[in-house]
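# Understanding the architecture of this molecule
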Amino acid sequence: MERAISTGVLQVTVNEEAEAAAQADAGSEPAVVWVPREEWIKTQPQVLIGSCVMLLDSQGRIMLVRYAPGQPMAGDWWLPGGMLDHGEDPCAAARRETYEEIGVELRSALRLIGIDHRVDVCGTGPVLDCFFDGGTLAEGTPIRLSPEHDQYAFVSLDELQDVQTAADVRTLTALHAAVTSGTAVCMREGEPVQELAGSGAGPGDRQMRDSAG
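Residues numbered from 1 in each chain as written. Predicted model: local features only at pLDDT ≥ 70, side-chain atom pairs only at ≥ 80, totals over all residues. Heavy atoms only, no water.

### Here we look at the overall build of the chain
On a plain count of helices and strands, the chain comes out with five helices and 12 strands. A buried classification covers 37% of the 213 residues belonging to the chain. Within the chain, residue pairs in contact and separated by at least 24 positions form 57% of the contacts whose partners lie at least 6 positions apart. Total accessible area on the chain is roughly 12,000 Å²; 54% of this is exposed by carbon and sulfur atoms. (Helix = DSSP H or I, 4+ residues; strand = E, 2+ residues; numbered from the N terminus. Buried < 20%, exposed > 50% of the residue type's maximum accessible area, 1.4 Å probe, protein only. Contact = heavy atoms within 4.5 Å. Areas by Shrake-Rupley, 256 points an atom, 1.4 Å probe, with all protein chains shown as cover.)

### Notes on the nonpolar core
In this structure, Met-54, Ile-62, Leu-64, Leu-79, Phe-131, Leu-172 and Leu-175 are the most contacted members of the largest nonpolar core, which totals 21 residues. Elements represented by at least two residues in this core include exactly strand 4 (48–56), strand 5 (62–67), strand 6 (77–78), helix 4 (169–181) and strand 11 (184–188). For this core, the element with the most residues is helix 4, which contributes six residues. Aside from chain neighbours lying at most four places away, what touches Ile-62 is Met-54, Leu-55, Leu-56, Leu-79, Ala-153, Phe-154, Val-155, Leu-157, Leu-160, Leu-172 and His-176. One finds Ala-94, Leu-106, Leu-110 and Cys-130 within the second-largest nonpolar core, a separate group that totals 12 residues. (Core = buried A, V, L, I, M, F, W, Y, C linked by side-chain atoms within 4.5 Å.)

Have a look at this one:
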């Protein structure tokens, strides 16, 4: 007879007959059989990863896009972004989603400004969202919305409470603070739990990066 034991690092399967025989010898360790990694990984939580981008205008307002009728979150506003494609890294996904959703190509370096761990999204399991500072959009930058969205707007922090957002307004407020202070924030279910150390990129560095991009 065999039984599974979780060690916290790797699940092992114990042959109880072999274990009993081994324990009969004084000083012997229980016999275990290591589960191949490809089998062990199936027992671990499977997490989806998303990437979103915070873009500001010259007045420091946040760019939001509204989900169009027929979309799962129709009428809600949120940052440009989406889930990673297979084999894609979060930074590449942020660039791709921004171009697909608003037609803006992000050429300058992206800075990670926050992560949000959502334990169970719509009953489908955990999602880890990565948020990036996409810089300041120059005045007159053309916006081309994808079929998923029907409107875009630049919203100030004071106006956020009056907007029907797809997630917690505190998430946007914390991310905006991270952008302007050169820090990053760790969140759980959209609520900040810890501010992370700054990357050394303050507001002045951000403006130079934008103009170079």
